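# Examining the three-dimensional arrangement
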Amino acid sequence: MSNTYRESCGAGLENEEFVDILEERRHSSDLGHALRTFSPHPYKGAESCSNADLNKAVLESQYLRYIAKEIAAETGSSVEEVREEACGILEEMSQNLQLKCIRLMGFTLSKVLKRLYSGIFVNMEGLNMLQQSIQEHPVILMPNHRSYMDFLIISYIMFTYDIPMPFIAAGIPLAGMKLVGQVLRRSGAFFIRRAIGSDKLYWAVLSEYVRTIVKTGIAPLEFFVEGLRSRTLKSVMPKLGMMHMVMEPFFKGEVYDITLIPISISYDRVLEESLLAHELLGIPKPKESTTALLKASKVLQEDYGSMHVNFGRPMSVRHLCEGKINRCQYNLVPRDLPQKPSVEVQACVSWLANLMVRVQEEGSVMGPWALMACLLLQAPTIVLTEEGLPWQELTDKTLWLRKLALDFGARLNWPSGQGQAPDTDVMSSTVALHGSVVNRKSGRVFLVQEEEPARNRPISPEEEMISTAAAVLMLASYRNMSLYIFVRPALLATALHITKTTQKDELLAFFCFLRDVFSNEFIFIPGNSSQDFEEACFLLKKCGAIHVSEQEVTVSDAGLEVLSFLQALLQPFIDTYQVIFRYLCENEVHVHAEKQFLTAVRNLATELILSGELHTYEALSSDTHKNVLSALQRLDTVTKSRASEQNEYTVNKAAVRRIDDILSGKIPPQMLHTTPEAKL
């Protein structure tokens, strides 16, 4: 493939030029690339500021002085002791960006990336706009988070194109890795503890550190709005703490504007695919260490296809917040004093964070494998493990699904047209790339199960099931990469299937119910229920699946295949939620400790799968179990409290049973509130 191409078949990509940045690396010196002159154009308002200057500005800020006095008064410590503790926190946290370390990283990554990927495609228009934005306002880089490779690749691209290196928010476990932690710190990473809780001083140091970076504009700030890496490869509900911190300088009028850059990183194949599946099954993640990294070096022998990095259009916070927030409230308190965000501010930050994740989704580039995974998972598991799915059937359905995805606005990385490989070759090479998940033999496609180590006893049904479940969850992760395209039409297809009604207002009520229940699984912008319903109607009408009038939505004869596919796409989530509802309603206990709950739910799902009553191996996923608890808490049917070392949940069984009855179709849609944003 040439080093430049245009995605001609994806929505919105007609004029976006993607360049393979590895092409030049394959034909020129990596050492020359690392040692070349690096001359970025920084933010016009930024003054030269060393790392020591930055830390000093944080420690001497009026805000931190005020907090130190407060804590000293509350704890009986001296102000000096509190400030000394703050100094220790800052030392543990702060980055120490050094160009020589960036050059070392650049050289090493050039070697590693060429071994792992056939190409890394970057949209140049977005990169050029980023370069311009950095000179005008403080910039916040907001990539999605699917792999440990994410923040390395952003820095690598910025170094390659002479753009100022970002300061990157990273988890504290990475700092503990010998040598690697130091390299990351000197490459611009600053490290945040995972569990901050109510540590007032830590919050103060972190927020002042972040605000100072934003206010001064000394470097772009990069953080993952989803918080942790997604273990399911679908978008995660955003965490709002860091978002509040980066927005505050604008709210307080300390900067005229802030520019947000959503970045969509898409992988053909993810390095951690097997690790993620096992984590979801409750197998602990290996501790992040340099030794573990060296042991993982065998990944360099594997092929991970290509990667797409799509720098989104710069978004002005000033423009986005217009009419959404009254900043006058900040004039009533001195800027340097802490101020609890109002309900209005919290709603605005939540809306913005969800919007960023939606824009990341819309900017992601999907390969053929995400579509093939959707279809493979709709076949019975026993077919995939024993009989195999006919190759011809899979390829025919994939081409059908490609058309549907394009109708729905997907950005698809599918080489087609003159001079490109035939569709069958594209699908064959895709299956070959994912040989860790499926293999093709004798015209059929089979699920690959892990080879069991030699043992003296026969394998138990539970062990065999876990082996199958790991393969299914790997497949489900790749299907999840496409769900953002299909989820709104799928909610409407499910509403049509469960309610059997054609009345538009009843379908809207049920659609809003489903959207409410599954808001921890999929990203929905708060307050947009009616727009999401209209979008679902529009897309299903566009592909000929339904007819829409002012009062009715009816299914066309040609629409049954589309609606059946979409409804089956959501079924694993519905099945898993219903297993947990059943557990909560049938269990005599009203208060559940989180760890025991997760174990008990997994045991119930295992039992139901082995008995043949449940066919969804995805019901074993711990992330979905946690999402159900969060959803029920959000819907006021479960109350969360902290007891000793873990969370406890008090269950309102009648309310959970009502949700289960609605989801099962036992309560007709006429009984639901028709107000789009009504609580259940």
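Residues numbered from 1 in each chain as written. Predicted model: local features only at pLDDT ≥ 70, side-chain atom pairs only at ≥ 80, totals over all residues. Heavy atoms only, no water.

The antiparallel open sheet is built from three strands, whose spatial order is β11-β13-β12. At either end of the open sheet lies a strand with only one pairing partner, and these are β11 (389-390) and β12 (438-441). Inspection of the sheet shows β11 paired to strand β13 (residues 444-447) by two bridges, in the antiparallel sense. Looking at the pairing, L389 lines up with V445 of β13. (Pairing = 2+ DSSP bridges. Helix = DSSP H or I, 4+ residues; strand = E, 2+ residues; numbered from the N terminus.)

With that out of the way, let us pick up the state of the cysteines. On inspection of all chains with the given rule, the structure shows zero disulfides. Here C49 stays free of any disulfide, with the sulfur of C87 as its closest cysteine sulfur at 16 Å. With no disulfide of its own, C512 lies closest to C537 among cysteine sulfurs, the gap being 11 Å. (Disulfide = S-S within 2.5 Å.)

Turning to the nonpolar core, a few remarks are in order. Counting residues in each nonpolar core, the largest one holds 163 residues, and the members touching the most others are V309 and F486. Take this core: its biggest share by element is 15 residues, from helix α25 (residues 560-586). (Core = buried A, V, L, I, M, F, W, Y, C linked by side-chain atoms within 4.5 Å. Buried < 20%, exposed > 50% of the residue type's maximum accessible area, 1.4 Å probe, protein only.)

For the rest of this paragraph, the subject is the environment of M372. Examined against the element boundaries, M372 turns out to sit in helix α17 (residues 368-377). Linking M372 and P461, residues 89 residues apart in sequence, is a C-alpha distance of 28 Å. M372 has contacts with W391, L394, T398, M427, T430 and V431, leaving out every residue within four places of it along the chain. (Contact = heavy atoms within 4.5 Å.)

Let us now look at the side chain of T494. For T494, the position within the fold is in helix α22 (residues 483-499). In this structure T494 comes out as buried when scored by relative accessible area, which is 0%. Setting aside its immediate chain neighbours within four residues, T494 contacts L514, Q567, L570 and I574.

On to the environment of Y148. Mapping Y148 onto the fold places it in the loop between β4 (139-143) and α8 (149-160). Along the chain, Y148 and V270 lie 122 residues apart, while their C-alpha atoms are 9.5 Å from each other. A polar atom in the side chain of Y148 sits 3.4 Å from the side chain of R229. (Polar contact = N/O pair within 3.5 Å; in protein donor to acceptor, adjacent residues only side chain to side chain.)

This part takes up the packing of α22 against helix α24 (residues 529-542). The interhelical angle for the contact between α22 and α24, taken along N-to-C directions, is 85 degrees, at an axis separation of 8 Å. Accordingly, the angle class assigned to the pair α22 and α24 is roughly perpendicular. Note on element contacts: α24 touches α22 through D532, F533, E535, A536, C537, L539 and L540, opposite R488, P489 and L492. Broken down by class, the residue content of the contact of α22 with α24 amounts to seven nonpolar, no polar and three charged. (Axes fitted to C-alpha atoms, helices over the stretch in contact; angles between N-to-C directions. Parallel < 35°, antiparallel > 145°, perpendicular 65-115°, else oblique. Nonpolar A, V, L, I, M, F, W, Y, C, P; charged D, E, K, R; others polar.)

What follows is about the confidence of the model for the chain. In low-pLDDT segments, the atomic positions of the prediction should not be examined closely. In this model, the chain carries an average pLDDT of 89, and 92% of its residues clear a pLDDT of 70 or more. Considering only residues more than four positions removed or in separate chains, one finds that residues 1-15, a stretch of pLDDT under 50, has 44 contacts. Contacts for the low-pLDDT stretch residues 674-678, under 50 throughout, to residues beyond four places or in other chains number 11 contacts. (pLDDT = per-residue confidence, 0-100.)

Another aspect to go through is the packing of α25 against helix α27 (residues 622-634). Two elements in contact, α25 and α27, have axes separated by 10 Å at closest approach and are oriented at 65 degrees. The angle between α25 and α27 places the two elements in the roughly perpendicular class. Between α25 and α27 lies a crossing of right-handed hand. Of α27, the residues touching α25 (which contributes T576, Y577, I580, F581 and L584) are T624, H625, N627, V628 and L632. Residues that form the contact of α25 with α27 fall into these classes: six nonpolar, four polar and no charged. (Left-handed = near helix turned anticlockwise from the far one by under 90°.)

Across all of its chains, the model carries 34 salt bridges by this definition. Residues E254 and K215 are paired through a salt bridge, measuring 3.6 Å at the closest nitrogen-oxygen approach. Within this pair, whereas E254 is found in the loop between α12 (241-251) and β8 (259-267), its partner K215 is found in helix α11 (residues 200-216), the two being separated by 39 residues in sequence. On the basis of relative accessible area, E254 is assigned to the partly exposed category, the value being 23%. Owing to a relative accessible area of 28%, K215 belongs among the partly exposed residues under this scheme. A salt bridge links R269 to E302; the shortest N-O distance between them is 3.1 Å. With R269 in the loop between β8 and α13 (273-280) and E302 in the loop between α14 (290-295) and β9 (306-311), this pair connects stretches of sequence that are 33 residues apart. (Salt bridge = Lys/Arg side-chain N within 4 Å of Asp/Glu carboxyl O.)

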